[in-house]
Amino acid sequence: MKKKVYLNHDGGVDDLVSLFLLLQMDDVDLIGVGVIPADCYLEPAVSASRKIIDRFGKGRRIEVSASNSRGKNPFPKDWRMHAFVVDALPILNEHLPVKTPLSDLPAHKHLIESLRNSTEKITLVFVGPLTDLARALEEAPDIQGKIEKLAWMGGTFLEMGNVEEPEHDGTAEWNAFWDPEAVKAVWDSNIQIDLVALESTNMVPLTLDVRNHWASERKYEGVDFLGQSYAVVPPLVHFQTNSTYFLWDVLTTATVGRDDLVKKKEVKSIVYKDGPSQGKTELSESGRAVQLVYEADRDAFFTYITELAKQA
Ligand code: AGV
Ligand code: CA
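Residues numbered from 1 in each chain as written. Chains lettered and ligands numbered in written order. Predicted model: local features only at pLDDT ≥ 70, side-chain atom pairs only at ≥ 80, totals over all residues. Heavy atoms only, no water.

**A closer look at the sheet that holds strand E9 (residues 288–296)**
Move 1: Reading across from one edge, E3-E2-E1-E4-E5-E6-E9-E7-E8 is the order of the nine strands in this open sheet, with mixed pairing throughout. Only two strands of the sheet have a single partner each, and these edge strands are strand E3 (64–66) and strand E8 (281–283). Neighbour to neighbour, the strand axes of the sheet diverge by 30° on average, direction disregarded.
Move 2: Pairing of strand E1 (residues 3–9) with strand E4 (residues 122–126), which is carried by four bridges, proceeds in the parallel orientation. Residue Leu7 lies in a different strand from E4, and its bridge partner there is Val125.
Move 3: In the packing of helix H2 (residues 42–56) onto the sheet, the strands contacted are E1, strand E2 (28–35) and E3, and the crossing angle to E3 comes to about 175°. (Pairing = 2+ DSSP bridges. Helix = DSSP H or I, 4+ residues; strand = E, 2+ residues; numbered from the N terminus. Axes fitted to C-alpha atoms, helices over the stretch in contact; angles between N-to-C directions. Contact = heavy atoms within 4.5 Å.)

**Re the site of ligand 1**
Move 1: Near ligand 1 there are 17 residues, and of these Asp14, Asp39, Val127, Glu173 and Asp249 occur at the shortest range.
Move 2: Taking Asp249, its side chain carries an N or O atom lying 2.6 Å from an oxygen atom of ligand 1.
Move 3: Within the complex, 99% of the 430 Å² of free accessible area of ligand 1 lies under protein.
Move 4: Of all the secondary structure elements, the ones that give two or more residues to the shell around ligand 1 are helix H1 (13–22), helix H7 (174–178) and helix H12 (248–257).
Move 5: Along the lines of polarity and charge, the residues of the shell around ligand 1 split into seven nonpolar, five polar and five charged. (Near = heavy atom within 4 Å. Polar contact = N/O pair within 3.5 Å; in protein donor to acceptor, adjacent residues only side chain to side chain. Areas by Shrake-Rupley, 256 points an atom, 1.4 Å probe, with all protein chains shown as cover. Nonpolar A, V, L, I, M, F, W, Y, C, P; charged D, E, K, R; others polar.)

**What about the coordination of the calcium ion (ligand 2)?**
Move 1: Around the calcium ion (ligand 2), the donor atoms from the protein are Asp10 (OD), Asp15 (OD), Asp15 (OD), Val127 (O) and Asp249 (OD), and they sit 2.3 to 2.6 Å away.
Move 2: In the primary sequence, the donor residues of the calcium ion (ligand 2) line up as D-x4-D-x111-V-x121-D. (Donors = N, O, S within 2.8 Å, 3.2 Å for Na, K, Ca; no water.)

**What about a nonpolar patch on the surface?**
Move 1: The grouping of Met81, Phe84 and Val85 at the surface amounts to a nonpolar patch, some 240 Å² of accessible area in total.
Move 2: With respect to the helices, strands and loops of the structure, Phe84 is situated in helix H4 (residues 82–88). (Patch = residues over 30% accessible without salt bridge, like charges linked within 9 Å, V, L, I, M, F, W, Y side chains within 5 Å. Salt bridge = Lys/Arg side-chain N within 4 Å of Asp/Glu carboxyl O.)

**Section: the UniProt feature "domain: Inosine/uridine-preferring nucleoside hydrolase" (unreviewed entry) in the protein chain**
Move 1: Within this structure's numbering, the places UniProt gives as "domain: Inosine/uridine-preferring nucleoside hydrolase" (unreviewed entry) are residues 5–302.
Move 2: Helix makes up 36% of residues 5–302 and strand 18%, with an end-to-end C-alpha separation of 22 Å. (UniProt positions renumbered as here; feature names shortened; annotations may be inferred.)

**What about the pairing of E9?**
Move 1: Pairing of strand E6 (residues 193–196) with E9, which is carried by three bridges, proceeds in the parallel orientation. The residue of E9 that forms the bridge with Asp194 is Gln291.
Move 2: Where strand E7 (residues 262–271) meets E9, eight bridges bridge the pair, whose relative direction is antiparallel. Bridged to Lys263 within E9 is Glu295.

**What to know about the nonpolar core**
Move 1: Counting 62 residues, the largest nonpolar core has Trp214, Tyr230 and Leu247 as its most contacted members.
Move 2: Examining the composition of this core, we find that seven residues originate from one element, H1, more than from any other.
Move 3: Residues within four places of Leu247 in sequence aside, it is in contact with Asp14, Val204, Pro205, Leu206, Trp214, Tyr230, Phe301, Phe302 and Ile305.
Move 4: In terms of nonpolar packing, the next biggest core, distinct from the first, is built from 31 residues, Ala136, Ala197, Val271 and Leu292 among them. (Core = buried A, V, L, I, M, F, W, Y, C linked by side-chain atoms within 4.5 Å. Buried < 20%, exposed > 50% of the residue type's maximum accessible area, 1.4 Å probe, protein only.)

**Thoughts on the packing of aromatic side chains**
Move 1: Considering all chains together, one arrives at 14 aromatic pairs under this definition.
Move 2: An angle of 75° between the planes, with centres 4.8 Å apart, marks the rings of Phe20 and Phe56 as edge-to-face. In this pair, Phe20 sits in helix H1 while Phe56 sits in helix H2, placing the two residues 36 residues apart along the sequence.
Move 3: Among the aromatic side chains, those forming a connected cluster through ring pairs are Trp214, Tyr230, Tyr245, Phe246 and Trp248.
Move 4: Sitting over the ring of Tyr41, Arg80 keeps its end group 4.0 Å from the ring centre. (Phe/Tyr/Trp six-rings, centres within 6.5 Å; stacked < 30°, edge-to-face > 60°. Lys NZ or Arg CZ within 6 Å of the ring centre and 35° of its normal.)

Okay, structure coming up:
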């Protein structure tokens, strides 16, 4: 039986590649997509999502919904621009107009409706902030019974997160920092959480050898799409900087198709809602239990996603 999945993403390069890869997994039935304007601008991210489903969705009809959620701490504009480039890639613009439908509902209501309409439990994949899930839970607590589990790219228990902003101490991961209250709300729910934190995503930086490998196999349309998309963002070359790109969301997505690529352990954690550490997740015996994804098999991961892309 296929695993039913709902994706909520925030339009970064690895968010859009995550959507592309979910569409290639034989054992996954993607039932809906929500797009939140956190690490992106909304219009190009929604548009690119619909075009990716048109082009790479193997004829399936999957609705895309736009979020009207707002965060507390905005992402840097430079990063938010990436969706404009992906949306403009010729490989996504060969067969216009767009056919994949746009929902009338905002993303959190679309999520509620998708869960309520399903007879089976759904796996939620969130690769941006948790705002739409927090709002959905507040409006419709009954949906918890329909959620198999949540796979979330977010958080870290490392000393250093990836937020470099004024008035913040750098201990948070960005998806948590954008809306710390939403993380707290989801922590207060009973949903089972797989936390794909920086511990494991730090093991999958975008590097030149990966890029060059994709270039060498660009005769496959899907691999060419990976290469074109990851041309937009800076790889790890000499040393890590604030803009160095990792395959954060793609690792999260890959765990849904292939659990054996990563190692998990249960930890208990709290989250800081405000102050200079806002968005920080911290180990605490009084906290809630999550499955921390702390290690990834880098080579097996890259082989898996490249092979998936060849099937597109
Ligand atoms: O913190 C990682 C999250 C992931 O969901 N995003 C990017 C991924 O989509 C924010 C982010 C952190 N550092 C970044 C980010 C960077 N250097 N460029 C773009 N986005
Ligand atoms: Ca993201």
